[in-house]
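Observations on the model geometry
Residues per chain, in single letters:
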Amino acid sequence: MNPLARLDQAHVWHPFTQMRDWVKEEPIVIVSGKGAWLEDVNGKKYLDANSSIWTNLHGHGNRKLDSALKAQLRKVAHTSALGYANEPASILAGKLVELASRLGPPDSERTATEQVLSKVFFSDDGSTAMEVALKMAYEHARRTGLSSKPRFLSLGGAYHGDTVGAVSVGHIDLFHKTYSGLLFDSDQVPAPYCYRCPYNKAEPERRDAREYRECHFECLDQVRQKLQEQKRSFGEPYGAFFVEPLMQGAAGMIAQPKGWLSAVVEMIEAEGTPWVADEVMTGFGRTGTTFACEQENVRPDFLVLAKGMTGGYLPMAATLTHQKIFEVFLGEYEEFKTFFHGHSYTGNQLGSAVALASLEILDSEGSRENRQKLQEEMTQLLAGLWALENVGDIRQVGLIAGIELVKDWRTREPFRLEEKVGIRVCKAMSNRGVLTRPVGNVVVLMPPYVTRPSELKKMVQSLRESVEEVVRTAA
Ligand SMILES: *Cc1c(COP(=O)(O)O)cnc(C)c1O
């Protein structure tokens, strides 16, 4: 075994991993990357088909990102945001605000009281950025009298990160139940999971269930009921609503039908309840627009950004909000209304510099065109997978795709998690030189934006062959 692999197995405890299984096989040790490709310590090459867990945008070893990082290194790597401003973080905050100003209705239709997202609180990853939104929303609700004991609403299957607050508003039992004793209570409404929705009366078809669903948006009635129940039982509305716009990630790439988000947002806003758009996965071009919220013409009170923010180079995150929330924390020093929260690496200079370079690429004509082409290419290639008996649903939003594997598409019968079908398919893909991770029985394809058509083809082809191989040996 490679000495690095041996060291890893001896000492590194991997996230979301059954370590008893981990040590059974020599792990892949990645040593370098270029574009959509990664190379391991033995010189074997792999396509990075999930953009290194949904973080990478413009490929590995991107020349522009590399030089932005080097240029910043010649100045300084990190200084504290506690007490000092810095160059790249100031510019980045301005740039993020500019991008976020595109959200919501056009300027001409805005009322004077409508708030643009003009304040940026930096942190380190998706979970911490969610934690920031949660604490801000909590204090906002209390201090404005919206709610004396703020309670929160989110979606079934929601995943907002792994810190205790973020887990409390998450609803994936498999991850979250263990810690229930540590968590605060939060409510949920069903996510619009058309493929497995009890209200969808349509028989299975060889298409995305969002397209052939037969329902009356009963899921929206449930949101309406929940909002009323909250007021009836507690005498006040929810303190905040949390949602992953357009597509829930860790829930299994659950895509929302058109119009769902804007309808829910309208109900939430009518309550005076602020809402949090968790765009940790969907942000920065992943869904076809800079932010997913653009496609439903909605603007959140909190915009949470992380994964792709630095193009997948460094851990960095941001929580954007508006003046009305910000003002709740203003006062004389001795009133102690300060937002008492912060991290050592807040506003990190290297992260900010590379994020700025990444945003520049994102906004360039070349990247836009490439993303558009790649997205169309992906739609075409994925269509070929409907030929497989074990493909139940294919959900694509921009450059994110979830392929849900089932025992038989005619019955939608799921594989049991214990059968590890998703895991085994991804293992077979890895043997074919394509790396990705499943969520349960859903295989994820999320290519870097610089992926070439031939590379995308290889990703989908390996998925197809791997499903055939795994299911055949399972039968
Ligand atoms: C990954 C993810 C998070 C958590 O982000 P980390 O950087 O892993 O802490 C939160 N929300 C969504 C939607 C995510 O995909």
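This write-up is about the structure you can find in this document. Just so it is clear, the structure is predicted and the values come from calculations on it, not from any experiment. (Residues numbered from 1 in each chain as written. Predicted model: local features only at pLDDT ≥ 70, side-chain atom pairs only at ≥ 80, totals over all residues. Heavy atoms only, no water.)

**A look at the sheet that holds strand E6 (residues 187-189)**
- In space, the 7 strands of this open sheet follow the order E4-E12-E11-E10-E7-E5-E6, with mixed pairing throughout. With partners counted over all chains shown, the strands left at the sheet margins are strand E4 (117-123) and E6, one partner each. Sheet twist, expressed as the mean angle between neighbouring strand axes with direction ignored, is 20°.
- Pairing geometry for strand E10 (residues 275-278) and strand E11 (residues 302-305), over 3 bridges, is parallel. Looking at the pairing, Ala277 lines up with Leu303 of E11.
- Contacts from helix H5 (residues 87-100) reach E4, E11 and strand E12 (317-322) within the one sheet, and its direction differs from that of E4 by about 130°.
- Contacts from helix H11 (residues 260-270) reach strand E5 (152-155), strand E7 (240-243) and E10, with the element oriented near 170° to E7. (Pairing = 2+ DSSP bridges. Helix = DSSP H or I, 4+ residues; strand = E, 2+ residues; numbered from the N terminus. Axes fitted to C-alpha atoms, helices over the stretch in contact; angles between N-to-C directions. Contact = heavy atoms within 4.5 Å.)

**Digging into the sheet that holds strand E16 (residues 434-435)**
- Pairing is mixed across the open sheet formed by 4 strands, whose spatial order is E1-E2-E3-E16. Of all strands in the sheet, those with a lone pairing partner are strand E1 (30-34) and E16, marking the two edges.
- Strand direction decides the pairing type here: E1 and strand E2 (residues 37-40), joined by 4 bridges, are antiparallel. The residue of E2 that forms the bridge with Lys34 is Trp37.

**Observations regarding the side chain of Gln72**
- Along the chain, Gln72 turns up in helix H4 (residues 63-75).
- Note on Gln72: relative accessible area 6%, which makes it buried.
- Polar side-chain contacts of Gln72 include one of 3.2 Å to the side chain of Gln349.
- Once residues lying within four places of it in the same chain are set aside, the contact partners of Gln72 are Pro88, Gln349, Leu350 and Ala353. (Buried < 20%, exposed > 50% of the residue type's maximum accessible area, 1.4 Å probe, protein only. Polar contact = N/O pair within 3.5 Å; in protein donor to acceptor, adjacent residues only side chain to side chain.)

**Description of the environment of Lys307**
- Within the fold, Lys307 resides in the loop between E11 and E12.
- Given the relative accessible area of 24%, Lys307 is considered partly exposed.
- Along the backbone, Lys307 and Glu279 are 28 residues apart, and their C-alpha atoms lie at a distance of 8.9 Å.
- The residues contacting Lys307, other than those within four sequence positions of it, are Ile53, Trp54, Thr55, Val280 and Gly312.

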